[in-house]
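Inside the fold
Chain by chain, the residues:
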Amino acid sequence: MMRLKHCTVALSILATLLLFYNEFLVYYVLLIQCSWPIVDAGRGPAGPAGPAGLRSIILADTHLLGSRHGHWFDKLRREWQMWRAFQTAMTLHNPDLVFILGDLFDEGLWVSNREFYSTVERFHSMFHVPRTTQLHVVVGNHDIGFHYYSSAQLELNALLVSA
């Protein structure tokens, strides 16, 4: 009986440590290996690049799920992983600029205005940048419709994403 209790405690501790590593620590372990390139100020294409250069992060095709596609747990996992990876990169690398290129949402064609604005709020909370970092957002085809169809209302709404 005592042996079973010890095994249960050991497995619980192991499971907790694995969960902590896989859901939090792994992002730091992987992203700490990335670094900004060394720029030789005298050899830039347009002359001297300055002492530190301009640091930017480019992110594309986040495809945040709406109410039509995906299971709630799938949505929760994806958004947790995107939020954790992005915020870890922001913390470790402190870029000057962040560009988020198109297809922020996956269901732009089918969402109501209320759901659109709710998704915009989710987007801004997930991809929050400090005041010292400029954020530039580009709208994609999934944000304003879908491939061969776009909506003037959705295009107007999409402009609010980067506001």
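Up top is the structure.
My aim in this report is to walk through the structure given alongside it, one point at a time. These numbers were taken from a predicted model, which means no experiment stands behind them. (Residues numbered from 1 in each chain as written. Predicted model: local features only at pLDDT ≥ 70, side-chain atom pairs only at ≥ 80, totals over all residues. Heavy atoms only, no water.)

At a minimum axis distance of 9 Å, the contact between helix α2 (residues 72–93) and helix α3 (residues 113–126) shows a crossing angle of 40 degrees. Judged on the interaxial angle alone, α3 and α2 are oblique. Each of K75, E79, M82, W83, F86 and Q87 in α2 lies in contact with α3, whose residues at this interface are R122, S125 and M126. (Axes fitted to C-alpha atoms, helices over the stretch in contact; angles between N-to-C directions. Helix = DSSP H or I, 4+ residues; strand = E, 2+ residues; numbered from the N terminus. Parallel < 35°, antiparallel > 145°, perpendicular 65-115°, else oblique. Contact = heavy atoms within 4.5 Å.)

All right, on to empty space enclosed by the protein then. Scanning the model with the defined rule gives one cavity of 30 Å³ or more in all. Space inside the largest cavity adds up to approximately 30 Å³. In terms of lining residues, the largest cavity is bounded by L64, G66, F105, D106, E107, V111, E115 and T119. Of the residues in the lining of the largest cavity, the class split is three nonpolar, two polar and three charged. (1 Å grid on protein atoms, 1.4 Å probe; cavity = no way out; pocket = protein on both sides within 12 Å on 5 of 7 lines; lining within 4 Å. Points joined across faces, edges and corners; volume = space filled by probe spheres on them. Nonpolar A, V, L, I, M, F, W, Y, C, P; charged D, E, K, R; others polar.)

Right, let's get into α3. The terminal C-alpha atoms of α3 lie 20 Å apart, and with 14 residues this matches the ideal 20 Å at 1.5 Å per residue to within 8%. Of all the residues in α3, the buried ones are F116, T119, V120, R122, F123 and M126. Angularly, the buried residues of α3 cover 160 degrees about the axis, an arc narrow enough to put them on a single face. Set apart from the buried face of α3 by more than 90 degrees, the exposed residues are R114 and E121. (Expected span 1.5 Å × (residues − 1). Buried < 20%, exposed > 50% of the residue type's maximum accessible area, 1.4 Å probe, protein only. Arc of directions from axis to C-beta.)

Now for the packing of helix α1 (residues 2–31) against α2. It is at 10 Å that the axes of α1 and α2 come closest, and there the two elements cross at 45 degrees. Classified by the angle their axes make, α1 and α2 are oblique. The hand of the α1/α2 crossing is right-handed. Across from E23, F24, Y27, Y28 and L31 in α1, the residues of α2 making contact are R77, W80, Q81, R84, A85, T88, A89, L92 and H93. (Left-handed = near helix turned anticlockwise from the far one by under 90°.)

Take the pattern of salt bridges next. The final tally for this structure, using the stated rule, is four salt bridges. Put simply, R55 and D96 hold a salt bridge, and the shortest N to O gap is 3.4 Å. Note that R55 is positioned in the loop between α1 and β1 (56–60) and D96 in the loop between α2 and β2 (97–101), a separation of 41 residues in sequence. Taking relative accessible area as the criterion, R55 reaches 24% and is therefore assigned partly exposed. Relative accessible area serves as the criterion here: at 24%, D96 is assigned to the partly exposed category. Close ionic contact of R122 with E79 constitutes a salt bridge, the shortest N to O distance being 2.3 Å. (Salt bridge = Lys/Arg side-chain N within 4 Å of Asp/Glu carboxyl O.)

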